[in-house]
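Here's the letter readout for the chains.
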Amino acid sequence: MKKKESTTSALSYERKNFWKEAPIAEQKAAFAFAEAYKSFLNEAKTVRETIAYTEALLKKHKFSAIGKKGSNKVYTIFRNKTIAMAVIGTEPISNGFNMVAAHIDSPRIDLKQNPLYEDSGSAMACMRTHYYGGIKKYQWLSTPLSLHGIVIKKDGSKLDISIGERDDEPVFIIPDLLPHLAKKEQYSKNVADAFDGNKMNLLFSGMQAPMGEDKEALKSYALKILNDKYGITEVDFISAELELVPAVKARDAGFDSSMVVGYGQDDRICAYTGMKALLENLENKPKRTMVVYFSDKEEVGSQGNTGAHSIFLKDFIGSIMAHNGESNSSANLRKAFMNSQILSADVTAAIDPNFPSVHEKQNAVAFNHGIGISKFTGSGGKYGCNDANAEFNAKVIKIFTDAEVFWQTGELGKIDEGGGGTIAYILANQGAEVLDCGVGLMGMHSLYELCSKADLYSTYKAYKSFLIAK
Ligand code: MN
Ligand code: MN
């Protein structure tokens with residue numbers, strides 16, 4: 001788009017506002033893109049549900065398991081919690097691949113392994129919980145929650161649970177203390193102490209069997225209705241994975257509907273845009289192999305067999321090399337990673353009108369100005385960061401600029417204000433070039449995270465241009 005340019009604007013960097021400068025067709029495309037995104041957020045509220053959603057979409061686009069002859073669109077799911085998908089290019093994979101890497105776990109409230117108890121004082125059957133990831137505990141109190149997860153029954157069968165998403169299903173509540181009586185318990189303490197993870201027990205049920213003689217009548221009744229409905233017994237909870245997430249649906253926000261509010265946008269917004277970028281890049285066989293990877297456990301340190309530290313991703317790349325008829329010797333696999341370029345696709349913090357002081361405005365992202373590029377994350381003196389190389393940073397900026405993508409640069413927050421990390425360094429440890437690149441959110445890690453539709457769409461376009469880059 002040609003614009004009159006003063007000498008100053010030609011020389012200086014200024015981020016561009018999407019609504020001010022993007023063509024009307026692009027603005028309409030941004031709104032349309034957000035519609036499908038909202039239904040994704042509603043259908044894929046947990047790690048396992050995101051995997052199921054993704055697999056269904058991949059199959060629709062004719063992706064297959066590795067090994068199927070002649071297919072250059074492949075994917076692998078590992079332990080139902082992590083997935084890698086690839087479109088194999090014309091060049092050998094050992095020349096390097098282009099990858100968008102996001103995580104699909106979000107902060108949540110898990111049930112404890114032995115959760116159910118009867119609380120005699122309140123005369124209620126309750127469930128004990130243990131929160132997952134960095135939450136502000138008070139946000140999860142007195143708000144409707146839905147229960148998702150799986151239970152493995154004694155016969156080995158797997159039971160998928162989802163209660164509280166449909167309008168005709170009940171929701172669950174962890175009640176907060178009334179303000180009238182909060183003086184000592186909460187108001188006299190600092191926020192970190194006022195909300196205790198041990199006081200986040202869930203109201204499960206309140207009925208009991210008529211004329212029953214059980215000692216713990218409330219708990220017995222709760223077990224009975226669980227057994228009637230699902231055929232499970234108390235011991236089945238011990239191996240189960242059951243988690244509470246906000247029962248509210250993603251929807252438009254703001255009078256102009258320019259934002260999306262919803263749970264789990266950290267980091268499913270980058271997962272979704274990455275996946276869409278791959279699926280909208282299928283017309284021609286690419287030169288370099290395109291990979292999209294969704295990791296688990298990022299919110300708790302990326303360990304374990306489904307976290308980014310896991311062997312899974314390396315094994316996947318090795319497998320697609322074999323599928324492609326290339327040697328996947330240790331040396332060749334190392335070569336593939338060392339020749340690769342990766343966007344660590346994770347969200348960052350956008351300037352919030354209520355808390356501008358935590359940012360240094362010139363180096364923070366603002367809504368509606370496109371995908372946010374963070375050369376480094378970490379805390380203090382960049383501790384724990386990846387710190388992308390200038391050469392790669394410049395290359396990515398050129399790719400975005402050539403594709404007319406709206407982009408901006410930003411750190412997570414002001415120096416010494418706090419900090420955070422991503423999986424960027426884990427992937428960079430394999431020798432690849434890695435740059436943090438994602439959407440700026442407001443209210444990150446809350447039940448109602450906000451994004452701008454302009455940034456959502458810009459991020460999709462950014463990943464699309466990157467995956468196909470030479
Ligand atoms: Mn994240
Ligand atoms: Mn996070």
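Residues numbered from 1 in each chain as written. Chains lettered and ligands numbered in written order. Predicted model: local features only at pLDDT ≥ 70, side-chain atom pairs only at ≥ 80, totals over all residues. Heavy atoms only, no water.

Caption draft 1: Representation of the coordination of the manganese ion (ligand 1) in the model. Coordination of the manganese ion (ligand 1) by the protein comes from His 103 (NE2), Asp 266 (OD), Asp 346 (OD) and Asp 346 (OD), over a distance range of 2.1 to 2.6 Å. Each donor residue of the manganese ion (ligand 1) belongs to the same chain, and together they define the spacing H-x162-D-x79-D. A separation of 3.4 Å is found between the manganese ion (ligand 1) and the manganese ion (ligand 2), which share Asp 266 as a coordinating residue. Taken as a pair, Asp 266 in helix 8 (residues 265–279) and Asp 346 in the loop between strand 14 (341–344) and strand 15 (348–349) lie far apart in primary sequence, 80 residues in all. (Donors = N, O, S within 2.8 Å, 3.2 Å for Na, K, Ca; no water. Helix = DSSP H or I, 4+ residues; strand = E, 2+ residues; numbered from the N terminus.)

Caption draft 2: Focus on the coordination of the manganese ion (ligand 2). Within the protein, the atoms that donate to the manganese ion (ligand 2) are Asp 266 (OD), Glu 299 (OE), Glu 299 (OE) and His 445 (NE2), at distances of 2.1 to 2.6 Å. Written as a sequence motif, the donor arrangement for the manganese ion (ligand 2) is D-x32-E-x145-H. Given a relative accessible area of 3%, Asp 266 falls into the buried group. (Buried < 20%, exposed > 50% of the residue type's maximum accessible area, 1.4 Å probe, protein only.)

Caption draft 3: Structural detail: the side chain of Glu 326. Among the structural elements, Glu 326 can be located in the loop between helix 9 (312–323) and helix 10 (330–338). Despite being buried, Glu 326 has no salt bridge partner; Lys 335 is the closest side chain of opposite charge, sitting 7.6 Å away. Side-chain polar atoms of Glu 326 contact the backbone nitrogen of Ile 93, separated by 2.6 Å. Residue contacts for Glu 326: discarding those within four places in its chain leaves Pro 92, Ile 93, Ser 94, Met 321 and Asn 332. (Lys, Arg positive; Asp, Glu negative; His and termini not counted. Salt bridge = Lys/Arg side-chain N within 4 Å of Asp/Glu carboxyl O. Polar contact = N/O pair within 3.5 Å; in protein donor to acceptor, adjacent residues only side chain to side chain. Contact = heavy atoms within 4.5 Å.)

Caption draft 4: Spotlight on the nonpolar core. One finds Tyr 37, Met 85, Phe 294 and Phe 400 to be the most contacted residues of the largest nonpolar core, which totals 62 residues. Core analysis: the second largest hydrophobic core is formed by 33 residues, Phe 172, Leu 202, Phe 204 and Ile 232 among them. (Core = buried A, V, L, I, M, F, W, Y, C linked by side-chain atoms within 4.5 Å.)

Caption draft 5: Just the pattern of salt bridges, in detail. Within this structure, the stated rule accounts for 22 salt bridges. Put simply, Glu 35 and Lys 38 hold a salt bridge, and the shortest N to O gap is 3.0 Å. Here Lys 38 and Glu 35 lie together in helix 3 (residues 24–43), a separation of 3 residues that amounts to about one turn. What makes Glu 35 partly exposed here is its relative accessible area of 44%. For the salt bridge of Asp 236 with Lys 154, the shortest nitrogen-to-oxygen distance reads 3.8 Å. One end of the pair, Asp 236, is in the loop between helix 7 (217–230) and strand 10 (241–246); the other, Lys 154, is in the loop between strand 7 (145–152) and strand 8 (158–163), and 82 residues separate them in sequence. On the basis of relative accessible area, Asp 236 is assigned to the buried category, the value being 5%. Overall, the relative accessible area of 62% leaves Lys 154 in the exposed class. Taken together, the shared-partner salt bridges connect Glu 35, Lys 38, Asp 252 and Lys 453 into one network.

Caption draft 6: Fine view of the packing of aromatic side chains. Following the criterion strictly, the structure yields 21 aromatic pairs and no others. Ring plane angle 10° and centroid distance 6.1 Å describe the contact between Phe 172 and Phe 204, whose orientation is recorded as stacked. Of this pair, Phe 172 sits in the loop between strand 8 and helix 5 (183–187) while Phe 204 sits in strand 9 (residues 202–205), and the two are 32 residues apart along the sequence. When its relative accessible area of 6% is taken as the criterion, Phe 172 is described as buried. Taking the ring centre of Tyr 132 as reference, the NZ or CZ of Arg 108 above it sits at 3.8 Å. (Phe/Tyr/Trp six-rings, centres within 6.5 Å; stacked < 30°, edge-to-face > 60°. Lys NZ or Arg CZ within 6 Å of the ring centre and 35° of its normal.)

Caption draft 7: Up close: the state of the cysteines. Counting across every chain of the model gives 0 disulfides. Lacking any disulfide linkage, Cys 385 is separated from the closest cysteine sulfur, that of Cys 437, by 16 Å. Looking at Cys 385, the relative accessible area reads 22%, which means it is partly exposed. In this structure Cys 451 is not part of a disulfide, and its nearest cysteine sulfur, from Cys 270, lies 9.9 Å away. (Disulfide = S-S within 2.5 Å.)

Caption draft 8: Looking closely at the domain arrangement of the protein. Here the protein is partitioned into domain 1 (15–106 + 263–467) and domain 2 (108–246). Computed over C-alpha atoms, the centres of domain 1 and domain 2 are 34 Å apart. Facing the 18 residues of domain 1 at the interface are 16 residues of domain 2. In total, domain 1 and domain 2 occlude about 1400 Å² of area from one another, counting both sides; carbon and sulfur atoms represent 51% of this. For the interface between domain 1 and domain 2, the tally reads 3 salt bridges. (Domains from an automatic or database assignment. Buried area = accessible area lost by both parts, 1.4 Å probe.)

Caption draft 9: Structural detail: helix 10. Among all positions of helix 10, only Asn 332, Leu 333, Ala 336 and Phe 337 are buried. Taken down its axis, helix 10 places every buried residue within 140° of arc, on the same side. Contacts made by the buried residues of helix 10 are with strand 4 (97–103) and helix 9. (Arc of directions from axis to C-beta.)

Caption draft 10: Region of the structure containing unusual backbone geometry. Going from Asp 266 to Asp 267, the amide bond is cis rather than trans, its omega being 10°. Secondary-structure assignment places Asp 267 in helix 8. In this model, Arg 79 sits at a positive phi of 55°, which is unusual for a non-glycine residue. Inspection of the secondary structure puts Arg 79 in the loop between strand 2 (73–78) and strand 3 (82–87). One non-glycine residue, Ala 123, lies in the positive phi region at around 55°. On the secondary structure map, Ala 123 appears in the loop between strand 5 (108–119) and strand 6 (124–132).

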